Structures are given as structure tokens and as C-alpha cells.
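So you can see what is in the structure, the chains are spelled out below.
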Amino acid sequence: MAKPIPKVGSRRSGRSSARKSARRIPKGVIHVQASFNNTIVTVTDVRGRVISWSSAGTCGFKGTRRGTPFAAQTAAGNAIRAVVDQGMQRAEVMIKGPGLGRDAALRAIRRSGILLSFVRDVTPMPHNGCRPPKKRRV
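Values in this document were obtained by computation on a predicted structure and should not be read as measured data.

A word on the overall build of the chain
Point 1. The helix and strand inventory of the chain stands at three helices and five strands.
Point 2. Secondary structure elements in the chain, listed N-terminal to C-terminal, are α-β-β-β-α-β-α-β.
Point 3. Among the 138 residues that make up the chain, the fraction classed as buried is 33%.
Point 4. In the chain, the proportion of contacts linking residues at least 24 apart, taken out of those at least 6 apart, comes to 63%.
Point 5. Summing over all exposed atoms, the chain offers an accessible surface of approximately 10200 Å²; the carbon and sulfur share of this is 55%.

Okay, structure coming up:
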């Protein structure tokens, strides 16, 4: 019969519950993904671990209103408010996607008081890869 292996040190045992709020992050990366239907703003540290995130849908916008610039501005404000409390002063911004919320989210980030080291467009562009779907006839 197989004996159960005793748990020596689980991952949870060494952590305190207040670790998330106690961490000080001086520099981070803000990722903005703006599609036509929604805008998602994710704030990570320089190693890529997510600190805070928000989207137009979680801010209470439903349906077609999620793709609006105002919804993107609200989502960016919500995501950044949490990290400013943790002491973030400098950030890099990566913007991806063709949506309407690109400029509005960037405007909200600039207004938050975080110093931006650079703003980079990381929208994936095909180098004539896959054949696109046929054109839509309405």
C-alpha cells in the first residue's frame, strides 16, 4: 500500500496575508490592450508579475459602451489608483490594439502623476503571414 507523503512546507505557509499591500514598487510596466469591444489595463512590476488590473467591463460598462474612450479612461484610472498607493513613481507604457481606448487610456495614465519613461506601441503586425478572412459583405 502506498503511504501518503507528508507535506513538509507548502507555498502558503511561509507567506503573510498582508504581503500584497506591504510590497513597495518604485517602477512598473503598464500594459493597455485596446480592442474594438473592450479595453484592458494591466499594471505589472518590471519582472512581469501582475500588481493590478482593470477593464471597461469590470468598471461597470456593458455592451457597446465598453469600447468607448470614456470606459478606457475609467479602467486606466482604476488600475493605476491601486499602484500609486503602493508607491509607484515611474512606469513604462505598452499599448496594443486598434481600439478607441488607446489615446484615452494614455491620457488618464499621464494625468495620474506617474512619470513615464517611454510609451511603446506593441500591436502585433503580420509580415504577410496568414491569409486574412474574406471581406464582409453587408
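Still to come is the rest of the account.
Digging into helix H3 (residues 101-111)
Point 1. Along H3, the residues that are buried comprise Gly-101, Ala-104, Ala-105, Leu-106, Ala-108 and Ile-109.
Point 2. Where H3 is buried, its residues touch strand E1 (27-34), strand E2 (39-45), helix H2 (69-85), strand E4 (90-96) and strand E5 (115-121).
Point 3. Just beyond H3, the residue with positive phi is Gly-113, at close to 100 degrees.

About the cut-offs
Per-chain numbering applies: the sequence of each chain, read as written, is numbered from 1 onward. Per-residue local features of the predicted model are confined to residues with pLDDT of at least 70, and side-chain atom pairs are confined, for both listing and counting, to 80 or more; whole-chain, interface and lining totals are unaffected and use all residues. Note that the side-chain values use all heavy atoms of the structure and ignore hydrogens as well as water. Each helix is a run of DSSP H or I of at least 4 residues and each strand a run of E of at least 2, with the numbering of both proceeding from the N terminus. Using a 1.4 Å probe on the protein chains alone, a residue whose accessible area is under 20% of its type maximum counts as buried, one over 50% counts as exposed, and one in between counts as partly exposed. Two residues qualify as a contact provided that any one of their heavy atoms is within 4.5 Å of a heavy atom in the partner residue. Values of accessible area rely on a 1.4 Å probe in the Shrake-Rupley scheme; residue burial ignores everything except the protein chains shown.

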